[in-house]
Amino acid sequence: MSSIHGNPSGYGRRKLMDRVMTTLAYLCAAAAIIPLTWIIVYVVIKGLGAWDAEFFTGLPQLFGDGGGVRNGIVGTLVIVGLATLMGVPIGVMAGIYLAEYGNNRFGTVVRFLADTMTGIPSIVVGIFAFGLIVVNTGGFSAFAGSVALALLMIPVITRTTEEIIRLVPDSIREASLGLGVSRWKTILRVVVPTALSGIVTGVLLAVARVAGETAPLILTILGTNFPISANIFDGPSTTLSLQIYQLGAQPSPEVVEVAWGAAMLLVLIVLGTSILARVIFRGQSVRGR
Amino acid sequence: MGFFKGLRRGHTTDTVFAGVALLFGLFIVLIMGGIIYQLWLQSSVARQEFGWGVLTSSEYNPGAEEYGALSFIYGTLVTAALAILIAGPIGVGIAAYLVEIAPERVNRVLGFIVELLAAVPSIVYGLWGFFALAPFLRDYVVPPLQGVLGWTPLFSGTFFGATVFTASIVLAIMILPTVAAVSRDVLRAVPRDQREGMLALGATRWETFQRAVLPYAMNGVLGAVILGLGRAAGETMAVTFIIGNKPELFTSLFAQGATLASQIAGQFPEAGGVTLSFLILLGLILFVITILINICARLVVRLVSRVPKGGVRA
């Protein structure tokens, strides 16, 4: 390998090395496709058998035919919905702060913390929500779970919002400011609408990420095989992700089949949201209006 | 303070909006502080009871009041290291393929597939790992491996399915997108001049990559790998489902183990009192480990914008 200075006899060997390495790169690419295909095909094959009317309308039965996951479907909608309601305004506003006012030392600290927060294991965030809410209110609740999920969404939304808003050309801001529009109106009426599709994409990706989260929910909503508590501030709740964990570990094959059905539904929701996010962003990327 | 100056000058709404935005920025700092405070507070019982000795003791038997965290720290570090050993080279290989070889259209499709791989929920990886991958490994991978390397302690013992080996492979698949995506961005940032200069000297594509591209992007690639390591260390659900959850200083990859995260998730529903406080102490240890890894990764990545090795920047 040491001679690349026109040693004709070494050329064949160098060419071969190039071929070998190129082939290896192709194999690596294939290595990304195999597990994804395997997982999706396997989940669909196993999950399809569980999908019947009872799967969507029934409650989990640990004995017998396994029942359904109605409570998990409702719980996922409630908890992820609540988390989105809490996480999106905070995340987007923090992103606006970083992009528009964050070019100083405090902004650097916030940016660094947001980056670091995305790397904190979700179970640690679950411990925080447990200590803050479950311990203080005296019980597991859907609210505690959605706070944990919101905390997982916030740094992701903050950073994507900041990056997208920074892509908005300064000429657009200057045009608005030049017309005498105040700065806050320029941000809310001109800059944010211009970056909206990108922000929505970031939000959808964050929602998709937390919809599949399980670990923090074990510590905050506990899980239940009965209808979820109607009071979001008190009483155990459950989600599809938590049901996959709890039903998938049961000895009865019928119950495990229900877990596969839940896995298929969850994968459908999460991948569907991710794909939707991509489509929105491609359809209308950042541009002036 | 600009805030009060703004109020006096009459840009009231502007200043209020800036203040509100600042509050939300402050919120991020508060969350981080809150996480650290809660971990410290909730683990106080365990910290006072066991002291620093908890870090060096591997005995874990709540029935006999023995609480050691070492086997969990060991399990976390070993599985994460194994995962990155597998996912590191493959992830960089994918990035190299995407940046240096793939045509634009393939690039977009494969990039999308890698993104989807990152979107699959952790617990689904766990279910798949337990019911699909583990039997596959048992029937087709472990027998030949043991045939050749069975005499080493690393590959000895009976393979039960839910093992350190299975967990590490699933972890590797899960962090592959992180390593690949970050490395791709880093390789993409290498200027074209680097490649063209090398190609003009008559180098092959591999030689160009090895001598002109990779040294230039080395810090970033290293950062990507460390970031993947952090992800692997904190991963919970998949590992909880497939590692067997046995607190032990295992020597064989075919043994069962436990990680910090898997122990918290697995034992939490039944825990109370000292055991609960101990689990949260494990969370504190996990937090410190992942934060250190992450800060390390970000510092290394940041170095990439400074004088890169082998660069032609003036």
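These numbers come from a predicted model, not from an experiment. All residue numbers refer to positions counted from 1 along the written sequence of the respective chain. Whichever chain is written first becomes A and whichever ligand is written first becomes 1, with later ones labelled in order. Only residues with pLDDT of at least 70 get local features here, since the model is predicted, and only at 80 or more are side-chain atom pairs given and counted; chain-wide, interface and lining totals rely on the full set of residues.

1. Notes on the overall build of chain B
Working step 1: On a plain count of helices and strands, chain B comes out with 12 helices and 2 strands.
Working step 2: By the criteria applied, helices consist of DSSP H or I runs no shorter than four residues and strands consist of E runs no shorter than two, each listed in order from the N terminus. Listed by position from the N terminus, the elements making up chain B come as α-α-α-β-β-α-α-α-α-α-α-α-α-α.
Working step 3: When each of the 314 residues of chain B is scored for burial, the buried share is 48%.
Working step 4: Counting only contacts in chain B whose residues sit at least 6 apart along the sequence, the fraction spanning at least 24 positions is 76%. Residues with at least 20 other C-beta atoms within 10 Å of their own are called buried, those with 12 or fewer are called exposed, and the rest are partly exposed. The C-beta atoms themselves are positioned from the backbone. What counts as a contact is two residues whose backbone-derived C-beta atoms lie within 7 Å of each other.

2. Concerning the overall build of chain A
Working step 1: A tally of regular secondary structure across chain A gives 12 helices and 0 strands.
Working step 2: Computation of the radius of gyration draws on C-alpha atoms alone. For the globule rule, the value is 2.2 Å times the number of residues to the power 0.38. Against the globule reference of 19 Å for 289 residues, chain A gives a C-alpha radius of gyration of 24 Å, more extended than a compact globule.
Working step 3: For chain A, the spread of C-alpha atoms along the three principal axes comes to 75 × 70 × 35 Å.
Working step 4: For chain A, restricting intrachain contacts to residue pairs at least 6 apart in sequence, the fraction spanning at least 24 positions comes to 75%.

3. Quick notes on the domain arrangement of chain A
Residues and elements named next belong to chain A.
Working step 1: Segmenting chain A into domains produces domain 1 (8–48) and domain 2 (53–283).
Working step 2: Each domain's limits were defined by an automated method or a database of domain assignments. A C-alpha centroid distance of 34 Å is found between domain 1 and domain 2.
Working step 3: Taken together, the 6 residues of domain 1 in the interface contact 5 residues of domain 2.
Working step 4: Gly is put with the polar residues, along with every residue not named as nonpolar or charged; the nonpolar set is Ala, Val, Leu, Ile, Met, Phe, Trp, Tyr, Cys and Pro, and the charged set is Asp, Glu, Lys and Arg. Looking at the side of domain 1 that touches domain 2, its residues break down into 4 nonpolar, 1 polar and 1 charged.

4. Remarks on the domain arrangement of chain B
Working step 1: Each assigned domain of chain B is listed here: domain 1 (2–42) and domain 2 (70–303).
Working step 2: Computed over C-alpha atoms, the centres of domain 1 of chain B and domain 2 of chain B are 37 Å apart.

5. Observations concerning the interface of chain B and chain A
Working step 1: The interface of chain B with chain A comprises 69 residues on the first partner and 71 residues on the second.
Working step 2: Contributions of two or more residues to the side of chain B that touches chain A are made by helix 2 (12–42), helix 4 (70–101), helix 5 (104–119), helix 6 (122–149), helix 7 (164–188), helix 9 (205–234), helix 11 (260–267) and helix 12 (273–303) of chain B.
Working step 3: Examining the composition of the side of chain B that touches chain A, we find that 19 residues originate from one element, helix 2 of chain B, more than from any other.

6. Side note on the packing of helix 4 (residues 105–118) of chain A against helix 2 of chain B
Working step 1: Fitted lines through C-alpha atoms give the axes, limited to the stretch in contact for helices. The angle between two N-to-C directions lies from 0 to 180 degrees. At a minimum axis distance of 9 Å, the contact between helix 4 of chain A and helix 2 of chain B shows a crossing angle of 50°. Overall, the two elements helix 4 of chain A and helix 2 of chain B adopt an arrangement that is oblique. Relative to helix 2 of chain B, helix 4 of chain A is oriented so that their crossing is left-handed. Listed contacts from helix 2 of chain B to Val109, Val110, Leu113, Ala114 and Met117 of chain A of helix 4 of chain A are Gly25, Ile28, Val29 and Met32 of chain B.
Working step 2: Split into classes, the residues belonging to the contact of helix 4 of chain A with helix 2 of chain B amount to 8 nonpolar, 1 polar and no charged. Under this scheme an angle from 65 to 115 degrees is roughly perpendicular, one under 35 degrees roughly parallel, and one over 145 degrees roughly antiparallel; angles in between are oblique. Here is the rule for handedness: rotate from the far helix to the near one, and if that takes an anticlockwise turn smaller than a right angle the crossing is left-handed, while a clockwise turn gives right-handed.

7. A word on unusual backbone geometry
Working step 1: Phi at leucine 222 of chain A takes a positive value of approximately 70°, unusual for a residue other than glycine.
Working step 2: Among the secondary structure elements, leucine 222 of chain A is positioned in the loop between helix 10 (215–220) and helix 11 (240–248).
Working step 3: Leucine 222 of chain A gets classed as buried once you count the C-beta atoms within 10 Å, which come to 21.
Working step 4: Despite not being glycine, asparagine 245 of chain B shows a phi value in the positive range, around 50°.
Working step 5: With respect to the helices and strands, the residue asparagine 245 of chain B is situated in the loop between helix 10 (237–242) and helix 11.

8. Things to note about the nonpolar core
Working step 1: If you look at the biggest cluster of nonpolar residues, it comprises 196 residues, and the most contacted ones within it are Ile244 and Ala263 of chain A together with Val124 of chain B.
Working step 2: The element that contributes the greatest number of residues to this core is helix 7 of chain B, accounting for 17 residues.
Working step 3: Discounting residues that sit within four places of it in the chain, isoleucine 244 of chain A has contacts with Ala259, Ala262, Ala263 and Leu266 of chain A together with Ile123, Val124 and Leu127 of chain B. Remark: nonpolar core denotes a set of buried Ala, Val, Leu, Ile, Met, Phe, Trp, Tyr and Cys residues whose joining runs through C-beta atoms within 7 Å.

9. Regarding helix 9 (residues 196–211) of chain A
Working step 1: An expected span of 1.5 Å times one less than the residue number is assigned to each helix. Between its terminal C-alpha atoms helix 9 of chain A stretches 22 Å, which fits the 22 Å expected from 16 residues at 1.5 Å a residue.
Working step 2: Within helix 9 of chain A, 13 of the 16 residues are buried, which leaves it mostly tucked inside the rest of the structure.

10. Some thoughts on the environment of isoleucine 293 of chain B
Residue and element names in this part refer to chain B.
Working step 1: Tracing the backbone shows isoleucine 293 in helix 12.
Working step 2: Isoleucine 293 gets classed as buried once you count the C-beta atoms within 10 Å, which come to 21.
Working step 3: Counting along the chain gives 67 residues from isoleucine 293 to isoleucine 226, while the straight-line C-alpha distance between them is 6.6 Å.

11. Details of helix 6 of chain B
Working step 1: When the terminal C-alpha atoms of helix 6 of chain B are compared, their 31 Å separation across 28 residues is substantially less than the 40 Å that a helix rising 1.5 Å per residue should span.
Working step 2: Two axes define the bend at a residue: one fitted to the seven residues ending there, one fitted to the seven starting there, and the bend is the angle between them. Residue glycine 129 of chain B marks the point of greatest curvature in helix 6 of chain B, where the axis turns by about 45°.

12. Observations concerning the packing of helix 3 (residues 70–101) of chain A against helix 9 of chain A
Residue and element names in this part refer to chain A.
Working step 1: Look at helix 3 against helix 9: their axes get within 10 Å of each other, and the N-to-C directions meet at 140°. One way to sum up the angle between helix 3 and helix 9 is to call them oblique. Between helix 3 and helix 9 lies a crossing whose hand is right-handed. Contacts between helix 3 and helix 9 pair Thr76, Val80, Ala83, Thr84, Val88 and Val92 from the former with Ile199, Val203, Val207, Val210 and Ala211 from the latter.

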